[in-house]
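Breakdown of the fold
One-letter residues, chain by chain:
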Amino acid sequence: MTTQINGVPTPFLSSVMQIEPQWIDYNGHLNMAYYNVMFDRAIDELWLLLGIGPDYKSSRGNSTFTAECHVRYLREIHLGDPVQVAITLLAADDKRLHLFEELRHATEGWLSATSETMTLHIDMGQRKTAPFPPDVRVTIDAVAKAHALVPRPEGVGRAIAMPAKR
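Description of the structure in this document. (Residues numbered from 1 in each chain as written. Predicted model: local features only at pLDDT ≥ 70, side-chain atom pairs only at ≥ 80, totals over all residues. Heavy atoms only, no water.)

Focus on the layout of surface pockets
- If you add up the space inside the largest pocket, you get close to 210 Å³.
- As for the largest pocket, its lining consists of 14 residues, and the residues nearest its centre are Phe39, Asp40, Ile43, Thr66 and Thr117.
- Looking at the lining of the largest pocket, the elements with two or more residues in it are helix H1 (32–50), strand E5 (62–73) and strand E8 (111–123).
- In terms of residue count, the dominant contributor to the lining of the largest pocket is H1 (6 residues).
- Taken together, the residues that form the lining of the largest pocket break down as 5 nonpolar, 6 polar and 3 charged. (1 Å grid on protein atoms, 1.4 Å probe; cavity = no way out; pocket = protein on both sides within 12 Å on 5 of 7 lines; lining within 4 Å. Points joined across faces, edges and corners; volume = space filled by probe spheres on them. Helix = DSSP H or I, 4+ residues; strand = E, 2+ residues; numbered from the N terminus. Nonpolar A, V, L, I, M, F, W, Y, C, P; charged D, E, K, R; others polar.)

Have a look at this one:
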């Protein structure tokens, strides 16, 4: 579920993704909406490892919904830039997952954007929150325990506000 470097747990790393030409806006960089697409694709990869991927809905009648999301745009991404997302599972309970994602240039390593999300587990028959099944919860708890050993990323818990005047 998590990778390790010298025995130390690290965040989940998505596959390397490429910017699609239609995602570039009139400013010549990645349009803000497509940062969310890339974060979502990376989360889908993590969901497969957690056992809550696309077939989870058809096989178990459950899915996940994003309840809240806070994106920070830190450095422009352009067409041709390969990107990769690191995901840290900050916390989990019976019905929720708190994630922090970092979108980085895949070869140069610089940080382009972050996204902090709260995801809800949903019983699709009732379309209401529901506890994760015990077998899924075991996997989630193992990842959360490993990620608790990862240094907390800069930017977790940030709120939007105007800077204080001095």
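On we go.
Details of helix H3 (residues 134–147)
- Look at H3: 20 Å from first C-alpha to last across 14 residues, which is about the 20 Å you get at 1.5 Å a residue.
- Taken together, the buried positions of H3 are occupied by Val136, Arg137, Ile140, Val143, Ala144, Ala146 and His147. (Expected span 1.5 Å × (residues − 1). Buried < 20%, exposed > 50% of the residue type's maximum accessible area, 1.4 Å probe, protein only.)

Quick notes on the packing of aromatic side chains
- Counted according to the given criterion, the structure contains 2 aromatic pairs.
- When the centroid spacing of 5.0 Å and the interplanar angle of 10 degrees are considered together, the rings of tryptophan 23 and tyrosine 34 count as stacked. Of the two residues, tryptophan 23 sits in the loop between strand E4 (17–18) and H1 while tyrosine 34 sits in helix H1, which places them 11 residues apart along the sequence.
- Judged by relative accessible area, which is 4%, tryptophan 23 ranks as buried.
- We classify tyrosine 34 as partly exposed; its relative accessible area is 27%.
- Measuring from centroid to centroid gives 5.0 Å for tyrosine 35 and tyrosine 73, while their planes differ by 75 degrees, and the two rings are edge-to-face. Of this pair, tyrosine 35 sits in helix H1 while tyrosine 73 sits in strand E5, placing them 38 residues apart in sequence.
- The exposure class assigned to tyrosine 73 is partly exposed, which follows from its relative accessible area of 36%. (Phe/Tyr/Trp six-rings, centres within 6.5 Å; stacked < 30°, edge-to-face > 60°.)

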